[in-house]
Amino acid sequence: MLRTSLFAQVGVALLAGVLVGRLWPDVGTAAQPLGDGFVRLIKAMIAPLVFCVVVAGITKAGDLKSFGRMGLKALIWFEIATTVALIVGLLAGNLAGPGKGMNVDPASLDASAVDAKTGGGELPSTSEFILHSLPDSAIGAFAENSLLQVLVLACLTGAALLHLGHTKVPAILPAIEQAQEVVFAIVGFIMKLAPLAVFGATAHLVGEYGIGALSTYGKLIAVCYSVALLFLLLLGLALKALTGLSLWKFIRYTREEMVLALGTASSESVMPRMMQKLRQAGCRDDAVGLVLPTGYSFNLDGASIYLSIGTLFIAQAVGVDLTLGQQITVVLVLMLTSKGMAGVPGSAFLALSATASALGVIPAGAVALLLGVDRIMDAMRVATNLLGNCVAVFVVSRWEGALDLPRARKVLSGEIAFVPEQEEASAPETKEPVSPQERTAVPGPEEKPGVQPVAAGPSERTG
């Protein structure tokens, strides 16, 4: 099992990382490059993968209007989900009062520590965020790994292919599909390193931060994780009501990816595998390619929970009692700032600072109170963000009629096993050797579309 199961390998690596970080903190801290290197390799594949999946999905669906409707429905769902997350977080923060009784003097806090964490940056305004989502260079969008810009390029390319038709550009779509298979194969190679990545990231976390923060911020940590579980329960009920599918079965189906995301503290590290699993679970290619990457910028449910509770925690710790009107302002500000957080260093602290400035009653330096606990919150944010985006794919797919519900039920129940796409692509090579007569035979209709003999005519090349 340890040799063949990624879940078992990652689980053992997680335990080993905790042990090494606890017993030999210096060794654990030095192991961070293992996790960082893995995440960098996976991120290098995300932009080309999203481009290929979206372009192929649009051209196969053959209807750009339905793609636009799907995008609009996704944005509506994202806004509802993040608003609910913010409100639930504020309600829990008021009831539990994680910062009450701390009586912290704001003058004793080092505000420069927040600047060091954020690199002196700031969150983009709404207009800057919209402009930044539009590419000014096709190559730059891929080089900067800007998912929104890649999505815009993919939509334009898919629209152009639909406009020109297969007769004018017969070789483009097969080439994109083959490039997609290559990317999935590379992801398969990189996934072999997942246990090392989890070991390095976990050992670094335990070695550098230890367990001291658990005693100091125990109530805040308990409140955030409890609210995240409550929110996931609400998500599960919504998924069951709208699609009939079980969130618990989906978590079991994606347990390897969930443990990997938690171990590396990055939901991006599992995006390619999640795209594969959602497609094999009955979601149409265009729905997966559009909704999942967009959610990484617009549907940060876990971050919304953390920001709302964190704002109340800071206010309570310094003795500021926020009125109902001020708390409504918190929701409105965070609804805007949370949309521009993706990819910005120290984005949570920037959003908290922006919220404190908007309220005008919380000292800006008080945000430094969360520096010691921020890294421990990563697991909560990553798991909630990731599951929230996957639920959005199922809901929007069902809403748009792009979900094969019978297949989804069978996959989540384990009746249909998941097969990584790079293994599917190489499956024909494992067949018994064929005779010379069979090798020279004309390809039959059962063969894979787009894979044609060299001497095939134009009609055959178009599939």
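Above this text sits the structure in question.
Residues numbered from 1 in each chain as written. Predicted model: local features only at pLDDT ≥ 70, side-chain atom pairs only at ≥ 80, totals over all residues. Heavy atoms only, no water.

## Considerations on the overall build of the protein chain
For step 1, the next point in the chain: On a plain count of helices and strands, the protein chain comes out with 24 helices and zero strands.
For step 2, the next point in the chain: Within the protein chain, the proportion of its 463 residues that are buried is 51%.
For step 3, the next point in the chain: Accessible area of the protein chain: about 21500 Å², with a carbon and sulfur share of 64%. (Helix = DSSP H or I, 4+ residues; strand = E, 2+ residues; numbered from the N terminus. Buried < 20%, exposed > 50% of the residue type's maximum accessible area, 1.4 Å probe, protein only. Areas by Shrake-Rupley, 256 points an atom, 1.4 Å probe, with all protein chains shown as cover.)

## Re a nonpolar patch on the surface
For step 1, the next point in the chain: A contiguous nonpolar surface patch, about 820 Å² in accessible area, is contributed by Leu72, Ile76, Ile80, Val84, Leu230, Leu233, Leu234, Leu237 and Trp399.
For step 2, the next point in the chain: Broken down by secondary-structure element, the contributors of at least two residues to the nonpolar patch are helix H4 (64-96) and helix H12 (218-243).
For step 3, the next point in the chain: Within the secondary structure, Leu233 sits in helix H12.
For step 4, the next point in the chain: In this structure Leu233 comes out as exposed when scored by relative accessible area, which is 51%. (Patch = residues over 30% accessible without salt bridge, like charges linked within 9 Å, V, L, I, M, F, W, Y side chains within 5 Å. Salt bridge = Lys/Arg side-chain N within 4 Å of Asp/Glu carboxyl O.)

## Details of the packing of aromatic side chains
For step 1, the next point in the chain: Applying the stated rule across the entire model yields four aromatic pairs.
For step 2, the next point in the chain: Plain terms: the ring middles of Phe250 and Tyr253 are 6.3 Å apart, the flat faces sit at 55° to each other, and that makes the pair tilted. Placement of the pair is Phe250 and Tyr253 together in helix H13 (residues 247-253), with a separation of three residues, close to one helical turn. The two residues Phe250 and Tyr253 agree in class, both being buried.
For step 3, the next point in the chain: Both rings, one in Phe250 and one in Phe394, keep their centres 5.5 Å apart while their planes meet at 90°; by these two values the pair is edge-to-face. Highlighted residues: Phe250 in helix H13 and Phe394 in helix H20 (residues 378-400), separated in sequence by 144 residues. (Phe/Tyr/Trp six-rings, centres within 6.5 Å; stacked < 30°, edge-to-face > 60°.)

## Description of the side chain of Thr83
For step 1, the next point in the chain: Take Thr83: it is sitting in helix H4.
For step 2, the next point in the chain: Looking at Thr83, its side chain comes within polar contact range of the main-chain oxygen of Glu79, at 2.7 Å. (Polar contact = N/O pair within 3.5 Å; in protein donor to acceptor, adjacent residues only side chain to side chain.)

## Quick word on the pattern of salt bridges
For step 1, the next point in the chain: Across all of its chains, the model carries nine salt bridges by this definition.
For step 2, the next point in the chain: Arg284 is paired through a salt bridge with Asp286; the nearest N and O atoms lie 2.9 Å apart.
For step 3, the next point in the chain: Between Arg381 and Asp378 there is a salt bridge whose closest N-O contact spans 2.4 Å. Of this pair, Arg381 and Asp378 both sit in helix H20, separated by three residues, roughly a single helical turn.
For step 4, the next point in the chain: A single network of salt bridges, built from pairs that share partners, joins Glu256, Glu257, Arg273 and Lys277.

## A closer look at the packing of helix H14 (residues 255-264) against helix H15 (residues 271-280)
For step 1, the next point in the chain: Where H14 meets H15, the axes come as close as 10 Å, and the angle between the chain directions of the two elements is 160°. Relative to H15, the element H14 is oriented roughly antiparallel. In this structure, H14 crosses over H15, and the sense of that crossing is left-handed. From H14, Glu256, Glu257 and Met258 reach across to H15, where they touch Arg273, Met274 and Lys277.
For step 2, the next point in the chain: When its residues are assigned to classes, the contact of H14 with H15 shows two nonpolar, no polar and four charged. (Axes fitted to C-alpha atoms, helices over the stretch in contact; angles between N-to-C directions. Parallel < 35°, antiparallel > 145°, perpendicular 65-115°, else oblique. Left-handed = near helix turned anticlockwise from the far one by under 90°. Contact = heavy atoms within 4.5 Å. Nonpolar A, V, L, I, M, F, W, Y, C, P; charged D, E, K, R; others polar.)

## Observations concerning helix H18 (residues 324-337)
For step 1, the next point in the chain: Given a rise of 1.5 Å per residue, 14 residues ought to cover 20 Å, and the 20 Å separating the end C-alpha atoms of H18 matches this to within 8%.
For step 2, the next point in the chain: Taken together, the buried positions of H18 are occupied by Gln326, Gln327, Val330, Val331, Val333, Leu334 and Thr337. (Expected span 1.5 Å × (residues − 1).)

## Observations concerning the state of the cysteines
Here, disulfide denotes a covalent bond that connects the sulfur atoms of two cysteines.
For step 1, the next point in the chain: All told, the structure shown has zero disulfides when counted by the stated rule.
For step 2, the next point in the chain: Among the cysteines around Cys283, which has no disulfide bond, Cys390 carries the closest sulfur, lying 9.0 Å off.
For step 3, the next point in the chain: Residue Cys283 is classed as buried on the basis of its relative accessible area, which comes to 3%.
For step 4, the next point in the chain: The class of Cys390 is buried, set by a relative accessible area of 0%. (Disulfide = S-S within 2.5 Å.)

## Remarks on the nonpolar core
For step 1, the next point in the chain: Formed by 128 residues in total, the largest nonpolar core has its most connected members in Val50, Leu220, Phe250, Leu292, Leu370 and Phe394.
For step 2, the next point in the chain: The leading source of residues in this core is helix H3 (residues 32-61), at 13 residues.
For step 3, the next point in the chain: Sequence-distant contacts of Phe394, defined by excluding residues within four places in its chain, comprise Leu239, Thr243, Leu245, Phe250, Leu278, Ala281, Cys283 and Leu403. (Core = buried A, V, L, I, M, F, W, Y, C linked by side-chain atoms within 4.5 Å.)

## A closer look at helix H8 (residues 147-164)
Given 3.6 residues per turn, any residue in an α-helix points the same way as the ones three and four places further on.
For step 1, the next point in the chain: For H8, built from 18 residues, the straight-helix expectation of 26 Å at 1.5 Å per residue is met to within 8% by its first-to-last C-alpha distance of 25 Å.
For step 2, the next point in the chain: What H8 keeps buried is the set Leu147, Leu148, Gln149, Val150, Leu151, Leu153, Ala154, Gly158 and Leu161.
For step 3, the next point in the chain: Where H8 terminates, the next one or two residues include Gly165, which has phi positive at roughly 85°.

## Thoughts on the environment of Thr337
For step 1, the next point in the chain: Tracing the backbone shows Thr337 in helix H18.
For step 2, the next point in the chain: Among the residues examined, Thr337 registers a relative accessible area of 14% and is labelled buried.
For step 3, the next point in the chain: Separated by 13 residues in the primary sequence, Thr337 and Leu350 have C-alpha atoms spaced 8.7 Å apart.

## Regarding the packing of H3 against H8
When two helices pack together, their arrangement is given by the angle between the helix axes and by the axis-to-axis distance.
For step 1, the next point in the chain: Two elements in contact, H3 and H8, have axes separated by 8 Å at closest approach and are oriented at 30°. Our classification of the angle between H3 and H8 gives roughly parallel. The way H3 lies across H8 gives a crossing that is right-handed. Contacts between H3 and H8 involve Ile46, Ala47, Val50, Phe51, Val54, Val55, Ile58 and Thr59 from the former and Leu147, Val150, Leu151, Leu153, Ala154, Cys155, Thr157, Gly158, Ala159, Leu161 and Leu162 from the latter.
For step 2, the next point in the chain: A per-class count over the contact of H3 with H8 returns 16 nonpolar, three polar and no charged.

## Some remarks on a positive patch on the surface
For step 1, the next point in the chain: A surface patch of like charges, here positive, comprises Lys240, Lys249, Arg252, Arg255, Arg398 and Arg409.
For step 2, the next point in the chain: Considering the arrangement of structural elements, one finds Lys249 in helix H13.
For step 3, the next point in the chain: Under the relative-accessibility criterion, Lys249 is labelled partly exposed at 33%. (Lys, Arg positive; Asp, Glu negative; His and termini not counted. Charge placed at Lys NZ, Arg CZ, Asp CG, Glu CD.)

All quantities given are derived from atomic positions and should not be read as evidence of function.
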